[in-house]
Structures are given as C-alpha cells and as structure tokens.
Amino acid sequence: MTFDDLGLSPKVLQAIADAGYTTPTPIQEQAIPYVLMGRDVLGSAQTGTGKTAGFTLPMIDILASGRARARMPRSLILEPTRELAAQVAENFEIYGKHNKLSMALLVGGSSFADQEKRLDRGVDVLIATPGRLLDLIERGKILLADTKILVIDEADRMLDMGFIPDVERIVGRLPKIRQTLFFSATMPPEIRRLADAFLMNPKEIAVSSLTTPAETVVQSLVRASALPKDKRATLRALIDREPVTSALIFCNRKRDVGILYRSLKRHGYSVAELHGDMAQPVRTSTLKSFKDGEVELLVCSDVAARGLDIPKVSHVFNFDVPVHAEDYIHRIGRTGRAGRSGLAFTLTTSLDGKQLAAVTKLIGRRIDEVTLDGPQATRPAAESPAADKQPAVHAEDRAERTPRRTRRGAAKRTNGEAVTGHDTKSRDTKSRDTKPREPKGRREAKPDTTPSRPTKSFGDHTPAFMLREVKLAASA
Ligand code: AMP
C-alpha cells in the first residue's frame, strides 16, 4: 500500500513526499481512512509506530475547509507532557506546510501571551497539556463548544500522571457530537473505561503489543551495588566501554536525575539533565542541545522522556530498573528507532528484584547479563530458550572494543569516537551492526546459570589501559 491509496489530499501527499516517507506505517494504513471517514478511533500503539502522522495527516485534510473563530479551537489534541505536545506541533508544521492551518501550543511553564494572541485570532488546532488548558478554560479564555475533533494521546501516561480527572473535565466541555481519536500504548481497565465513555462505535486498531520491545534493540543487564556511589561508578565504567554517541540515562526519581547529572558532569562527561520540575525554556533548550549532538548524555526522568523522537540515540542506560514495567519498553524504545540498531543496559541492584521480575514477566524473557567486574564484559550463555531469540552483545565483540577514557574536561566529542588512539571507529561501527551475530570462538563454553559470575579473560594478556580504566571508574 502507498500513501496515494489512503484518500489524502494532494497537498498532504506532497508534504509526505517532502518529508521523505514512501510507505505508510501499519497504524497509518489502518487509521487514516477511518479518520477521514469521520469515525472514532481507538488505537493501541506506542510511540515510534508513526501514530502522530496517523492522526495529524487526516486531521489536516478534515480541517482544510472551514474557519476558526476567536478562542474557539476547531480541534484539540491532549498530550501528557510539554515535549510530546511540542513534537506534535512540529508534526503539524511539517505535514501542514502546504495548508494554511493555524495552530496554538498550550503547555505549562511557558509564557502564554503569544499563544493567547493566536487563540484570539482563532486556531484550527490546539495542542495542549491538560492542566494548562483547564486553567484557561476555567478563566473563560477558551471555549470548546466548537471543537469537533478531539485527540487524546498517550492516555495510559495521562493516567500514570494523575491527569485523568482533568481530562474528564475537559472532555465534558466539548460538544457531544464530535470525532474522537484515542491512543494508548497499553489498555488497562481504567483506560478501557475512559475509551468507552469518550468514544462512539470506534474503529479499534492495535499495531504492536507493548510487551514487544523493538527488535533492533539489544538488551543487557548489569549487576551493580545498591550503594549510590558505587552504582554511579558502574555506570561510568559501562559508558566508557561502550561506543556511545548519544545516550539517554533514566532514573526513577527527579532527585536522582539531578544527583547523577552533577556526578557525571564532575567526572567530565558531556551531559545534561531533563525532568519535569525544570522550567520549560530550559527543557526545550536542553532537548535541542541533545538532539543536535551538542551534549552526549541526557540524564532524565520517565515523564520528561516519554515518547521523545530522537532518531540517533545509540544507547539507553536504565540507571534504575523502572517502577512500572511498561516504562522499560518505553525507555529502551528511545533507541533502535527508524530501523537503526540500539543498545539498552539496565543496572540492577539487590534492592530491585521485584521490579526486575515484573520487567522479565512483561517481556517474557530474561535479559542477558553482562558483567563489568573485570576488564571485559561477558554474559552467561542463554538462560532460557526464549533468550536465544534475542540479538546479543557478545563477549567477543566487547573484547575487541577499546574502552574510552573517562573524559575529564572533554565537554564535547565531535564524532563519537573514543580518544584512546586506537582505531575505535571501525570497531564502533561493527558493534552497532544491526544483525544479530552468532557467538564465535567461545560458543562451546558451558552455560553458566549463576546470576553474576566473575569475568573470564580473553587470553593471557590484559592491556594495561583496560586495568587503568577500571580503577578510575571505581573512584566515585
Ligand atoms: P511517532 O510514532 O509518531 O512518534 O513517529 C515516529 C517516527 O517515525 C517519527 O520520526 C516520524 O517522523 C517517522 N515516521 C512517521 N511516519 C513515517 C513513514 N510513513 N515513513 C517513515 N517514517 C515515518
């Protein structure tokens, strides 16, 4: 199927071609014709599936005829975070470039004066986070009586963030006769109940189960001490040995985001932080620096990073095992995007057995373990038949890599190469090969079922620089 078969207008098709898309993704293929027909849609889809274009493209065509009245938006898109709202706005700009639609973005933490002027002139599309929108509705600044299309995006995240009562109040202000598009990565009973309340005879679309992490992401587990200082040292050792070009590091708590950020900065890494308590302009500029490759590492919370579309993230590090197992899938889904390969490492301590068990249950397999207590990382052989299916980072590949020096004072690297004087570039390229490779050489090694075993060496010789690296990493 091509985009031409979906019933979109020539202007939108032109914008799609300009964006370089040739084939609709499954959610686009299934949702667009129904949205164009005016049907309600209930979509189970996670970010990275192309769902944003799945609703923005047909909306542009539906809104192409008609005019907006002052303070009465014609359509409303609710997003759980400011970053997601901004991302949807970017999508509208890209896909609506040949149409003359007006748009306003209403998110907490940024000045409202500009957006208010826009609303006064009338907007076709209002993209908002629930709290800010409700505030303005209640002050009589916005009327939703003319809003004929409603999109509720990332509904399960809205639930996690406690936004559902706000969403219900907002929806109560919309006309009963409207078109509603409702998307959620997961469909727990509360979300189903909401969908039943908000949607009329919806077309249900499910594109991929949330329990399936992207196949392009190689997942590994690293045992670490529960002592924060030692855990940070383990993370640094891991970062140093990996061919990181751009990495997200997730912490469960905002406070820990700050602590880890400051620690990495002190150790000379090119790093920034992102969490929900930061002022919006700082969040926006931080994200831009990260997207532009000006900073290499971004320490963040789940709220700030959910759904972010940054195509070149080479690694995701879970500094903490997430509290909600679903977040594991979302986090690791920030890498391995758009067909690229990605690497995801999860640090686990003696304290998070339950959380790890929940992740294991959700994804239906144990995550391959690597150890960092020796010069090279290695992993036990597959522990379950299911594990065999997973592409793995093999000990041999790792052994060939040159660990990076701790980058004291090296604020920015330009091309992602390590600074050891070795030919790391070719190795890095090799290690990011998308294809799962068969282990070589050590294939015959007996399976080891102990959760963490001492690292075996790869021959008699341990290069001195590797030993130095481990020592450095241990001094938090
Ligand atoms: P989303 O799931 O909406 O966050 O989209 C994920 C990424 O896929 C974004 O970078 C989009 O620009 C990209 N994308 C959306 N639709 C297509 C398509 N049909 N072909 C290629 N890339 C797409």
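For the structure itself, look to the data block above.
We now turn to the structure provided with this report. Given the structure is predicted, the values throughout are model-derived calculations rather than measurements. (Residues numbered from 1 in each chain as written. Predicted model: local features only at pLDDT ≥ 70, side-chain atom pairs only at ≥ 80, totals over all residues. Heavy atoms only, no water.)

**Here we look at the pairing of strand β4 (residues 125–128)**
Part 1: Taking every second residue as pointing to the same face, both faces of β4 are buried, with Val125 and Ile127 on one and Leu126 and Ala128 on the other.
Part 2: When strand β2 (residues 75–78) meets β4, the two strands line up parallel, connected through four bridges. In the strand pairing of β4, Ile77 is matched with Ile127. (Buried < 20%, exposed > 50% of the residue type's maximum accessible area, 1.4 Å probe, protein only. Helix = DSSP H or I, 4+ residues; strand = E, 2+ residues; numbered from the N terminus. Pairing = 2+ DSSP bridges.)

**Some details on the packing of aromatic side chains**
Part 1: Evaluation of the coordinates by the stated rule reveals four aromatic pairs.
Part 2: Here Phe55 and Phe183 contribute two aromatic rings whose centre-to-centre distance is 5.4 Å and whose plane-to-plane angle is 35 degrees, an arrangement assigned as tilted. Taken together, the positions of Phe55 in helix α3 (residues 51–63) and Phe183 in strand β6 (residues 179–184) put the pair 128 residues apart, joining distant regions of the chain. The pair Phe55 / Phe183 is uniform in exposure class, with both members buried.
Part 3: Plain terms: the ring middles of Phe182 and Phe198 are 6.5 Å apart, the flat faces sit at 55 degrees to each other, and that makes the pair tilted. Taken together, the positions of Phe182 in strand β6 and Phe198 in helix α9 (residues 189–198) put the pair 16 residues apart, joining distant regions of the chain.
Part 4: Take Phe182: its relative accessible area is 0%, and that puts it in the buried class. (Phe/Tyr/Trp six-rings, centres within 6.5 Å; stacked < 30°, edge-to-face > 60°.)

**Considering the packing of helix α2 (residues 26–37) against α3**
Part 1: Where α2 contacts α3, the axes come no closer than 9 Å and their chain directions differ by 25 degrees. One finds that α2 runs roughly parallel with respect to α3. The chirality of how α2 crosses α3 is right-handed. For the pair α2 and α3, the contacting residues are Ile27, Gln28, Ala31, Ile32, Val35 and Leu36 in the first and Lys51, Ala53, Gly54, Leu57, Pro58, Asp61 and Ile62 in the second.
Part 2: In terms of residue class, the contact of α2 with α3 is built from nine nonpolar, two polar and two charged. (Axes fitted to C-alpha atoms, helices over the stretch in contact; angles between N-to-C directions. Parallel < 35°, antiparallel > 145°, perpendicular 65-115°, else oblique. Left-handed = near helix turned anticlockwise from the far one by under 90°. Contact = heavy atoms within 4.5 Å. Nonpolar A, V, L, I, M, F, W, Y, C, P; charged D, E, K, R; others polar.)

**Notes on the environment of Ala45**
Part 1: If you trace the backbone, Ala45 turns up in the loop between β1 (41–44) and α3.
Part 2: Spatially, the C-alpha atom of Ala45 lies 8.8 Å from that of Glu154, the residues being 109 residues apart in sequence.
Part 3: Excluding its chain neighbours within four sequence positions, the residues that come into contact with Ala45 are Ile27, Lys51, Ser184, Ala185 and Val207.

**Things to note about the site of the ligand**
Part 1: Taken together, 15 residues lie near the ligand, and Tyr21, Gln28, Gly48, Thr52 and Asp309 sit nearest.
Part 2: Thr49 places a polar main-chain atom, nitrogen or oxygen, 3.0 Å from an oxygen atom of the ligand.
Part 3: The backbone of Lys51 places a nitrogen or oxygen atom 3.4 Å from an oxygen atom of the ligand.
Part 4: In the complex, the protein chains occlude 76% of the 490 Å² of accessible area that the ligand would expose alone. (Near = heavy atom within 4 Å. Polar contact = N/O pair within 3.5 Å; in protein donor to acceptor, adjacent residues only side chain to side chain. Areas by Shrake-Rupley, 256 points an atom, 1.4 Å probe, with all protein chains shown as cover.)

**Comments concerning the pairing of strand β12 (residues 315–318)**
Part 1: Side chains His315 and Phe317 of β12 all project onto a buried face; the interleaved residues Val316 and Asn318 project onto the opposite face, where all are buried too.
Part 2: Bridge count between strand β9 (residues 247–250) and β12: four bridges; the pairing is parallel. Bridge pairing links Ala247 to His315 in β12.
Part 3: The pairing of β12 with strand β13 (residues 342–348) spans four bridges and is parallel. In the sheet register, Val316 faces β13, and the bridge partner there is Ala344.

**Considering the sheet that holds β2**
Part 1: Taken in spatial order, the seven strands line up as β3-β4-β2-β5-β6-β1-β7 in an open sheet, and their pairing is parallel. Where the open sheet ends on each side, the last strands, each with one partner, are β3 (103–106) and β7 (203–206). Each neighbouring strand pair of the sheet contributes to a mean axis angle of 10 degrees, computed without reference to strand direction.
Part 2: Two elements, β1 and β6, share four bridges in a ladder whose sense is parallel. When the bridges of β6 are listed, Ser44 appears paired with Ser184.
Part 3: Contacts between helix α5 (residues 113–121) and the sheet are confined to β3 and β4, with β3 contributing the most and set at about 140 degrees to the helix.

**Some details on the sheet that holds β13**
Part 1: Pairing in this open sheet of seven strands is parallel, and the strands run β10-β11-β9-β12-β13-β8-β14 from one edge to the other. Strands at the two margins of the open sheet, each flanked by one partner only, are β10 (271–274) and β14 (369–370).
Part 2: Note: strand β8 (residues 217–223) against β14, two bridges, orientation parallel. Paired with Val222 across the two strands is Val370, which belongs to β14.
Part 3: Across the face of the sheet, helix α14 (residues 325–332) comes into contact with β8, β9, β12 and β13 while running at roughly 155 degrees to β12.

**Let's talk about the nonpolar core**
General note: in soluble globular proteins, nonpolar side chains tend to be found buried as a group.
Part 1: Formed by 33 residues in total, the largest nonpolar core has its most connected members in Leu8, Phe55, Leu57, Met59, Ile77, Phe92 and Ile127.
Part 2: Put simply, the parts of the chain that give this core at least two residues each are α1 (10–19), α2, α3, α4 (82–95), β4, β5 (149–152) and β6.
Part 3: A total of six residues in this core trace back to one element, the largest contributor, which is α3.
Part 4: With near-sequence residues (within four places) excluded, Leu57 lies in contact with Phe3, Leu8, Val12, Ile16, Ile32 and Tyr95.
Part 5: By size, the runner-up hydrophobic cluster in this structure holds 32 residues, among which are Leu78, Ala155, Ile191 and Leu194. (Core = buried A, V, L, I, M, F, W, Y, C linked by side-chain atoms within 4.5 Å.)

**Brief notes about the pattern of salt bridges**
Part 1: Using the criterion set out here, one finds 24 salt bridges in the structure.
Part 2: Here Glu116 ties to Lys141 by a salt bridge, and the two come within 3.1 Å at their closest N and O atoms. Here Glu116 is found in helix α5, whereas its partner Lys141 is found in the loop between α6 (130–138) and β5, with 25 residues between them in sequence.
Part 3: Taken together, the salt bridges that share partners define one network made up of Arg71, Glu116, Asp120 and Lys141. (Salt bridge = Lys/Arg side-chain N within 4 Å of Asp/Glu carboxyl O.)

Interpretation note: all reported values are geometric properties and have no functional meaning in isolation.
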